[in-house]
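What the coordinates show
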Amino acid sequence: LSHTNESPEEERRTIERELRHVDGIVIASSRMTDSALRMMAKQRPMVLLNRILPEAACVVNDNERGIRRAVEHLGALGHERITYVAGPETSWSDGMRWRALREAAADLDLDARRIGPNEPTVLAGLHAARRVAQAHATAVLAYNDNLAIGVMRGLRRLGIAVPREISVVGFDNIILDELVEPALTTVAAPLYRMGLTGVQNCIALTLGAHAGNTPLVLPVRLVVRQSTAHRR
């Protein structure tokens, strides 16, 4: 197990260092380029999580459906302007979520703005809160829950109440979501199932199974808590 801290260079060095010691590789949310991943896939069986590449077995969340459910929820609450607090610039999932948000907003005649890129951390969300306030949006959709929690803390420091003045939605459904105040509305992704499926598929590939050409898309669901409310 290795953590490469959002660095594509460190990710590549780590994998190259370990290649001769392993039978297969599972890469979660890779920040490397497609060409680098293709090179890795030629050397060992490889499974990608949160990324799609034709040359590898891939497991992804249903980003489009999850974001659409979140946008529909905010629209039903009367919000017309949604600020997307983006994740890392090299994140494939971030690009998919921003595109899904723009498409859903266009379909529902809502305004969507983007702030970022940002590191996927609480601290980055804290720093982004001032820009959220300056955007005059009444709703925030963050790349992940850590960013969303940071935004809520930052807005509180600025004297802006969540959800009375701004509603906030995250993505992932991590354990902290029910511990923060207010509890975070989020798109629940099957994180455990994704990891388990990725490892099982990698083992199967090392034993001779062939990867299909179609990514495995895991379902998501919207979990409504106390961080969203009707627009005042």
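Use the structure listed above.
Considering the packing of helix α5 (residues 122–134) against helix α6 (residues 145–157)
Between α5 and α6, whose axes approach to 6 Å, the crossing angle comes to 55°. As summarised for this structure, α5 and α6 are arranged oblique, according to the angle between their axes. For the pair α5 and α6, the sense of crossing is right-handed. For the pair α5 and α6, the contacting residues are Val122, Ala124, Gly125, Leu126, Ala129, Val132 and Ala133 in the first and Asn146, Leu147, Ile149, Gly150, Val151, Arg153, Gly154, Leu155 and Arg157 in the second. For the contact of α5 with α6, the per-class residue count stands at 10 nonpolar, 4 polar and 2 charged.

A short note on the layout of surface pockets
The calculated volume of the largest pocket comes to roughly 1200 Å³. For the largest pocket, the lining is made up of 36 residues, of which Ser2, Val26, Ile27, Ala28 and Ser29 are closest to its centre. Those elements giving two or more residues to the lining of the largest pocket turn out to be α1 (8–18), β1 (25–28), α4 (92–107), α6 and α7 (191–206). Residues that form the lining of the largest pocket fall into these classes: 15 nonpolar, 14 polar and 7 charged. Going through the elements one at a time, β3 (57–61), α3 (63–76) and α4 are the ones with two or more residues in the lining of the second largest pocket. The dominant element in the lining of the second largest pocket, judged by the number of residues it contributes, is α4, at 5 residues. Among the residues forming the lining of the second largest pocket, the class breakdown is 6 nonpolar, 2 polar and 4 charged.

Details of the side chain of Thr138
Tracing the backbone shows Thr138 in the loop between α5 and β6 (139–142). Look at Thr138 and you get buried, because its relative accessible area is 18%. A distance of 2.8 Å separates a polar atom in the side chain of Thr138 from a polar atom in the side chain of His79. Every residue in contact with Thr138, bar those within four places of it in the chain, is listed here: His79, Glu80, Arg81, Glu165, Ile166, Ser167 and Arg231.

Remarks on the nonpolar core
Counting residues in hydrophobic clusters, the biggest one holds 42 residues, and the most contacted among them are Leu101, Leu141, Leu155 and Val168. Elements with a minimum of two residues in this core: α3, β4 (81–85), α4, β5 (111–115), α5, β6, α6 and β7 (167–172). Among the nonpolar cores identified, the runner-up in size contains 13 residues, and Ile15, Ile27, Leu37 and Met40 belong to it.

What counts and what doesn't
- Residues numbered from 1 in each chain as written.
- Predicted model: local features only at pLDDT ≥ 70, side-chain atom pairs only at ≥ 80, totals over all residues.
- Heavy atoms only, no water.
- Axes fitted to C-alpha atoms, helices over the stretch in contact; angles between N-to-C directions.
- Helix = DSSP H or I, 4+ residues; strand = E, 2+ residues; numbered from the N terminus.
- Parallel < 35°, antiparallel > 145°, perpendicular 65-115°, else oblique.
- Left-handed = near helix turned anticlockwise from the far one by under 90°.
- Contact = heavy atoms within 4.5 Å.
- Nonpolar A, V, L, I, M, F, W, Y, C, P; charged D, E, K, R; others polar.
- 1 Å grid on protein atoms, 1.4 Å probe; cavity = no way out; pocket = protein on both sides within 12 Å on 5 of 7 lines; lining within 4 Å.
- Points joined across faces, edges and corners; volume = space filled by probe spheres on them.
- Buried < 20%, exposed > 50% of the residue type's maximum accessible area, 1.4 Å probe, protein only.
- Polar contact = N/O pair within 3.5 Å; in protein donor to acceptor, adjacent residues only side chain to side chain.
- Core = buried A, V, L, I, M, F, W, Y, C linked by side-chain atoms within 4.5 Å.

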